[in-house]
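# Chains, contacts and geometry: an overview
Listed below, chain by chain, are the residues.
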Amino acid sequence: MGRYSCSEATDRTKLGGFMAKVLFYDIETAPNLAYVWGQYDQNVVRQYREWYLLCFSYKWEGQSSTKVVSLTDFPEAYSKDPEDDRSVAGVLWDLFDEADIVIGHNGDKFDMRKANARFVYHGLTPPTMPQQVDTLKVARKYFMFNSNKLGDLGEHLGLGNKEATGGFGLWAGCMRGDEKAWRIMKKYAKQDVDLLQAVYERLRPWMKNHPNRALLDGRPDSCPTCGHADLIRRGYKSTKVSQYVQFQCKGCGAYCRSRMRSEATSPNVVP
């Protein structure tokens, strides 16, 4: 089990009427440290120290504030060992254990697997794994943008951009314990999650395999993509053997269909 409580999301009625718990998140890590003989295209001679979590940012759907949990939020542990991410990992574990859906950009390949690596390192068992939405995969699957990076998507879609960091020096400053670097890092992390949510909501109606919000919300007649209750009838959705009444959500614009086929006559032969 996790060791830390994220009680602000425990009561589902606090999430603005949303029943499913949807978490937007992004993690920031320190780099590996290693010995090398040269500067370019080098093999590692010896690993000196592995990467660890610097911080992560998150927001619950239905809440306005984005929060950051960093090493500096645990001053006693930080003063003893500024690379000890046990407490940061514990809070993230609790959030994953509480969420029904987690949303990240490159979350399937990077953020979730990195998080799991720290969980198992610190002896934590698997959380109750939520369903995942990876906006990077969505961008690649349904569109052909010039760039699928989060900042580029935000700029191209008119939703904003990532906060400027100044490059690796920001990460180095945080590892040195520089207070200014930490302030910039936390501002950068918050903007990442705010931009992530905006990009997700723009791309959401195109997602064909989105987790079923109607099921998670316990509202069987609502939009399975966003959970909105206002659906309008938009003709029929046809397969090779059946027709289904088709609806469009007035909230997000996604299409869905009835589970039961319509009374239209089914063909007796199919291709």
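Below you will find a few notes about this structure. Quantities reported herein were computed from a predicted structural model and do not represent experimental measurements.

Scoring rules and cut-offs
Residues numbered from 1 in each chain as written. Predicted model: local features only at pLDDT ≥ 70, side-chain atom pairs only at ≥ 80, totals over all residues. Heavy atoms only, no water. Pairing = 2+ DSSP bridges. Helix = DSSP H or I, 4+ residues; strand = E, 2+ residues; numbered from the N terminus. Axes fitted to C-alpha atoms, helices over the stretch in contact; angles between N-to-C directions. Salt bridge = Lys/Arg side-chain N within 4 Å of Asp/Glu carboxyl O. Buried < 20%, exposed > 50% of the residue type's maximum accessible area, 1.4 Å probe, protein only. Parallel < 35°, antiparallel > 145°, perpendicular 65-115°, else oblique. Left-handed = near helix turned anticlockwise from the far one by under 90°. Contact = heavy atoms within 4.5 Å. Nonpolar A, V, L, I, M, F, W, Y, C, P; charged D, E, K, R; others polar.

## Thoughts on the sheet that holds strand 9 (residues 243-249)
Within the open sheet, the three strands sit side by side as 8-9-10. Their pairing is antiparallel. Each edge of the open sheet carries a strand with a single partner, namely strand 8 (231-238) and strand 10 (255-257). Adjacent strand axes in the sheet meet at a mean angle of 35 degrees, parallel and antiparallel pairs treated alike. The sheet contact formed by strand 8 and strand 9 spans six bridges and is antiparallel. Directly across from Leu 231, in strand 9, lies its bridge partner Cys 249.

## Considering the pattern of salt bridges
Within the structure shown, the criterion is met by 13 salt bridges. The residue Arg 49 makes a salt bridge to Glu 83 at a minimum N-O spacing of 3.3 Å. Taken as a pair, Arg 49 in strand 3 (residues 46-49) and Glu 83 in the loop between helix 1 (75-80) and helix 2 (86-98) lie far apart in primary sequence, 34 residues in all. On the accessibility criterion, Arg 49 (11% relative accessible area) is buried. Among the salt bridges present, the one from Lys 250 reaches Asp 230, with a minimum N-O distance of 3.8 Å. Taken together, the residues span a long stretch of sequence, with Lys 250 in the loop between strand 9 and strand 10 and Asp 230 in the loop between helix 8 (213-217) and strand 8 at a distance of 20 residues.

## A short note on the packing of helix 2 against helix 3 (residues 107-121)
Interaxial distance between helix 2 and helix 3 falls to 10 Å at its minimum, and their mutual angle equals 120 degrees. Classified by the interaxial angle, the pair formed by helix 2 and helix 3 is oblique. Helix-helix and strand crossings are classified by hand; for helix 2 and helix 3 the assignment is left-handed. Two secondary-structure elements touch here, helix 2 through Ala 89, Leu 92, Trp 93 and Phe 96 and helix 3 through Met 112, Ala 115, Arg 118 and Phe 119. For the contact of helix 2 with helix 3, the class distribution of residues is seven nonpolar, no polar and one charged.

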